[in-house]
Amino acid sequence: LIFIFIIMYFVMIRPQKKRQEQQKKLMAGLKTGDRVVTNAGIHGLISNVKETTVLVKVADNVKIEMEKSAIATVLKES
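Quick caveat: nothing in here was measured; it's all calculated off a predicted structure.

Structural notes on the packing of aromatic side chains
This model, assessed by the stated rule, comprises one aromatic pair. With a centroid separation of 5.2 Å and an interplanar angle of 80 degrees, the aromatic rings of Tyr9 and Phe10 are classed as edge-to-face. Residue class for Tyr9 comes out partly exposed when judged on its relative accessible area of 32%.

Structure, rendered in structure tokens:
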């Protein structure tokens, strides 16, 4: 029984904690000018960062305010 719990820890719990840490780092590192993709698949450019929300520019004169937790990834500049 203990062996099964140890395997479950390494297969399920540990990877989830790593993902949560990476998401927290991502949210803390958001800055104006970053290209991002949201959980809904919307691509945009961050135009303003507030305490819990970000303002994402998705087109000319179109800005969406959303929670930082809705940001899935930050695209790397090439």
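Brief notes about the sheet that holds strand β3 (residues 53-59)
Spatially, five strands are ordered β4-β3-β2-β1-β5 in an open sheet, and the strand pairing comes out antiparallel. If you trace the sheet from one side to the other, it starts and ends with β4 (62-67) and β5 (71-75), each paired once. Across the sheet, the mean angle separating the axes of adjacent strands is 45 degrees when strand polarity is ignored. Examined bridge by bridge, strand β1 (residues 35-38) and β5 share four bridges and lie antiparallel to one another.

Focus on a nonpolar patch on the surface
On the surface, Ile2, Phe3, Ile4, Phe5, Ile6, Ile7, Met8, Tyr9, Phe10, Val11, Met12 and Ile13 cluster together to form a nonpolar patch covering roughly 1200 Å² of accessible area. Relative to the assigned elements, Phe10 resides in helix α1 (residues 2-28). Given a relative accessible area of 47%, Phe10 falls into the partly exposed group.

Focus on the pairing of β4
Bridge analysis of β3 against β4 gives six bridges, and the strand direction is antiparallel. Each bridged residue has a counterpart across the sheet, and for Val54 the counterpart in β4 is Met66. Between β3 and β4, which follow one another and run antiparallel, lie two residues, and Asn61 among them has a positive phi close to 60 degrees.

What counts as what
Residues numbered from 1 in each chain as written. Predicted model: local features only at pLDDT ≥ 70, side-chain atom pairs only at ≥ 80, totals over all residues. Heavy atoms only, no water. Phe/Tyr/Trp six-rings, centres within 6.5 Å; stacked < 30°, edge-to-face > 60°. Buried < 20%, exposed > 50% of the residue type's maximum accessible area, 1.4 Å probe, protein only. Pairing = 2+ DSSP bridges. Helix = DSSP H or I, 4+ residues; strand = E, 2+ residues; numbered from the N terminus. Axes fitted to C-alpha atoms, helices over the stretch in contact; angles between N-to-C directions. Patch = residues over 30% accessible without salt bridge, like charges linked within 9 Å, V, L, I, M, F, W, Y side chains within 5 Å. Areas by Shrake-Rupley, 256 points an atom, 1.4 Å probe, with all protein chains shown as cover. Salt bridge = Lys/Arg side-chain N within 4 Å of Asp/Glu carboxyl O.

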